Amino acid sequence: RSAVAAHPAPRVQPHRSANMPAVDKLLLEEALQDSPQTRSLLSVFEEDAGTLTEYTNQLLQAMQRVYGAQHFALGKGDEEVISTLHYFSKVVDELNILHSELAKQLADTMVLPIIQFREKDLTEVSTLKDLFGLASNEHDVSMAKYSRLPKRKENEKLKAEVAKEVANARRKQHLSSLQYYCALNALQYRKRVAMMEPMLGYTRGQINFFKKGAEMFSKRMDGFLSSVSDMVQSIQGELDAEAEKMRVSQQDLIAVNESVYTPDSDVTSPAINRNLIQKAGYLNLRNKTGLVTTTWERLYFFTQGGNLMCQPRGAVAGGLIQDLDNCSVMAIDCEDRRYCFQITTPTGKAGITLQAESKKEYEEWICAINNISRQIYLTDNPEAAAIKLNQTALQAVTPITSFGKKHEAHHPSQNVRNMENDKIVPSESAGIQDSPQLIAPGTPIQFDIVLPATEFLDQNRGGRRANPFGESEDSGKDEEEDSLLQQMFVVRFLGSMAVQSDSTSEVIYEAMRQVLAARAIHNIFRMTESHLMVTSKNLRLIDPQTQVTRTSFELPTVTQFAAHQDNKRLIGFVVHLSEALGEESMSAYVFESNTEGEKICYAIGLGKEIIEAQKDPEALAQLMKSVPLTNDGKFMLLNDESAEDGTAHGEGEESEA
């Protein structure tokens, strides 16, 4: 009492509601996404609620002490004091009446509001917090169960049950988060009332007490208390309006389509945005825990400039997980899980493996990372650049400066995809009008590295026995050691198709254009990586994991080879084979290399020169003088300057990555 009496209220008009600072609120629209940013902001509100609860308990104890101090009526046994104060009995009686009235007024206007605030509002927030935590944990468990669904042996009934379980858990979490957010938002208003209303009751009670006891306060205090009362009523009015607004918003957010809660609900025809230059959302990250064991962790990922960031739940900020500049991204099959993709570094090293929740998220993440890897975000108008880039791909236009002129492409809808054999079959009108003799209209495009049966037989005819690993007996190390040229490059197979002519290298450029256009139109990201071994006898595609030869082309059958002059990493060649019945077939193969395509072309050209020179010992000796040799007597393709760029020399080494 003495502390309050020693510091009278300042004679300052409080801010009206129009001038009061805005109240921070949680956005109900972000409750469903449940991002780490929203969780981080939620933790601030929870910390504020915890601090408010602790302060409310301390304030209540202090007010109860003030209330108890009013009961000081003299009791029996104080005869000496009573006799001494006999002359003051009338004043003491009146003072007891005044204190009784003050005690009753403090109990009703100071102690009761703070007790109600603690027992009702703070308890409600605490209960909703526990319910929200339980719902959030239940959703995480159901999502983990859904992510483990197998892809190869898909059980529609099990998938439907698990999807329904995810939808129920997500709906329950959404509802609990909406209720929790609304309670926290309302608390921002109620705490203002709860802090000022008891002090207002205390001040009024003391003023009434002192007015009746003595003229100690001026009438100007009435204006101050009236303004405080108006402020409390104004805040209460704002709370009522905000509560109604949140109630309507909550009803609108709950009354959504069931597909919002069901993962991968639009798998048949998702609305995919391929022009994204930034992306955010939850993905499953694959982590190796041992030599053969892995775990998957559901984390929140977002792009920032040219970086892929990861923010675990509860973290204040995200951390860098992958630099996306010049990286490549491709869809992969991983542990029988659906919607997996892998990011590969510019050096060709496998990076992180991620899993998306739905087909829409899966394709949008791949498109966004692909756009960012091309550093579109550094342009003046990144959105326009991304749109233009994807429109160019969809129109099947690939700039080919090696052509005498640029060809016009037709609308991509004229192509039809054959899903049974994973080929693209363009319609007749989709061909290039200026060069119908190069590639026949309607020629299918093969995106798998597996060769047709006729070509496989060509490689194994003549009584040679093929072992189970795809290598013939005479294609082993002895053949490699006899070869005067050995150079290996890391390549990724893009596609192959039959051609009608091998008289000009422009057939390779046309094949590149059609393969890249088909991949862009039909959203094909899968690529098979191989090691291309160039020797003085053949071209061999080797599996980098098993070192098994996938296929081999005799060097004399390679009649054309060329690199793209705009995209330095594109390389293609034409293989001319003779069929068993005297017929001939020609096929163009297109690859993406980790090194410049011109270096691969130089290696192939040198190999063909060696074949010709081996027919004449003098020509071979002259060729060996003009080209540097390695220590073991093989041709050295690249000079020292190339070696500084990371190019390897000699047998079994890899070209520039």
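Residues numbered from 1 in each chain as written. Predicted model: local features only at pLDDT ≥ 70, side-chain atom pairs only at ≥ 80, totals over all residues. Heavy atoms only, no water.

As annotated in an unreviewed UniProt entry, the chain carries the name Adaptor protein, phosphotyrosine interacting with PH domain and leucine zipper 2 and comes from Hypotaenidia okinawae.

Caption draft 1: Representation of the sheet that holds strand β1 (residues 280-288) in the model. Strands sit in the order β4-β3-β2-β1-β7-β6-β5 across an open sheet of seven strands; the sheet is antiparallel. Either end of the sheet is taken by a strand with one partner, and the two such strands are β4 (319-323) and β5 (328-334). With strand direction ignored, the average angle separating the axes of adjacent strands in the sheet is 40 degrees. Note that strand β6 (residues 337-344) and strand β7 (residues 350-355) share four bridges and pair antiparallel. Following the sheet pairing, Gln342 is matched in β7 by Thr353. Of the strands in this sheet, β1, β2 (294-304) and β3 (307-311) are in contact with helix α2 (residues 36-69), which crosses β2 at around 85 degrees. Along the sheet, helix α7 (residues 359-373) makes contact with β1, β2, β3, β5 and β6, crossing β6 at roughly 10 degrees. (Pairing = 2+ DSSP bridges. Helix = DSSP H or I, 4+ residues; strand = E, 2+ residues; numbered from the N terminus. Axes fitted to C-alpha atoms, helices over the stretch in contact; angles between N-to-C directions. Contact = heavy atoms within 4.5 Å.)

Caption draft 2: A look at the nonpolar core. By size, the foremost hydrophobic cluster in this structure holds 42 residues, and its most contacted members are Tyr180 and Leu184. Counting residues per element, the ones that place at least two in this core are α2, α4 (89-147), α5 (156-213) and α6 (220-254). Here the element with the most residues in this core is α5; it accounts for 14 residues. If sequence neighbours within four positions are ignored, Leu184 has contacts with Leu26, Leu42, Phe45, Ala49 and Val125. (Core = buried A, V, L, I, M, F, W, Y, C linked by side-chain atoms within 4.5 Å. Buried < 20%, exposed > 50% of the residue type's maximum accessible area, 1.4 Å probe, protein only.)

Caption draft 3: Representation of the side chain of Gln250. Tracing the backbone shows Gln250 in helix α6. The residues touching Gln250, leaving out its near neighbours within four places in the chain, are Leu175, Leu178, Gln179 and Cys182.

Caption draft 4: Quick look at unusual backbone geometry. If you check the backbone angles, Asp34 has positive phi at about 55 degrees while not being a glycine. Locating Asp34 in the fold gives a position in the loop between α1 (2-6) and α2. For Asp34, a relative accessible area of 4% translates into the label buried. In the Ramachandran plot, Gln375 falls in the positive-phi region, its phi being about 60 degrees despite a non-glycine side chain. Mapped onto the secondary structure, Gln375 falls in the loop between α7 and α8 (382-394). Overall, Gln375 belongs to the partly exposed group, its relative accessible area being 30%.

Caption draft 5: Inspection of helix α12 (residues 597-613) at higher detail. The end-to-end C-alpha distance of α12, which contains 17 residues, comes to 24 Å, matching closely the 24 Å that a straight helix rising 1.5 Å per residue would cover. Most of α12 sits inside the fold, with twelve of its 17 residues counted as buried. Every buried residue belonging to α12 is among Gly597, Lys599, Ile600, Cys601, Ala603, Ile604, Gly605, Leu606, Gly607, Ile610, Ile611 and Ala613, and all of these are buried. (Expected span 1.5 Å × (residues − 1).)

Caption draft 6: Structural context of the pairing of β5. In terms of burial, β5 is a largely internal element, five of the seven residues being buried. Where β5 hands over to β6, the hairpin turn is made up of two residues, of which Glu335 adopts a positive phi near 55 degrees.

Caption draft 7: Layout of the pattern of salt bridges. According to the stated counting rule, one finds 22 salt bridges in the structure shown. Between Arg313 and Asp34 there is a salt bridge; the shortest N-O distance is 3.6 Å. Residue Arg313 is located in the loop between β3 and β4, and its partner Asp34 is located in the loop between α1 and α2; the two are separated by 279 residues in the primary sequence. Relative accessible area serves as the criterion here: at 34%, Arg313 is assigned to the partly exposed category. Two residues, Glu138 and Lys172, come together in a salt bridge whose shortest N-O distance is 3.1 Å. (Salt bridge = Lys/Arg side-chain N within 4 Å of Asp/Glu carboxyl O.)

Caption draft 8: Region of the structure containing the pairing of β1. Of the strand pairs in this sheet, β1 and β2 are connected by nine bridges, and their pairing is antiparallel. If you follow Gly281 over to β2, its bridge partner there is Phe301. Across two bridges, the pairing between β1 and β7 is antiparallel. Residue pairing in the sheet places Asn284 in a bridge with Gln355 of β7.

Caption draft 9: Up close: the packing of aromatic side chains. This structure, assessed with the given rule, holds eleven aromatic pairs. Summarising the aromatic geometry, the rings of Phe132 and Tyr181 are spaced 6.4 Å apart at their centres and angled 55 degrees between planes, so their arrangement reads as tilted. Of this pair, Phe132 sits in helix α4 while Tyr181 sits in helix α5; the two residues are 49 residues apart in sequence, bridging distant segments of the chain. One exposure class covers both Phe132 and Tyr181, and it is buried. Centroid distance Tyr339 to Tyr362: 5.6 Å. Interplanar angle 45 degrees. Geometry classified as tilted. Residue Tyr339 is located in strand β6, and its partner Tyr362 is located in helix α7; the two are separated by 23 residues in the primary sequence. The residues Tyr339 and Tyr362 share a single accessibility class, namely buried. (Phe/Tyr/Trp six-rings, centres within 6.5 Å; stacked < 30°, edge-to-face > 60°.)

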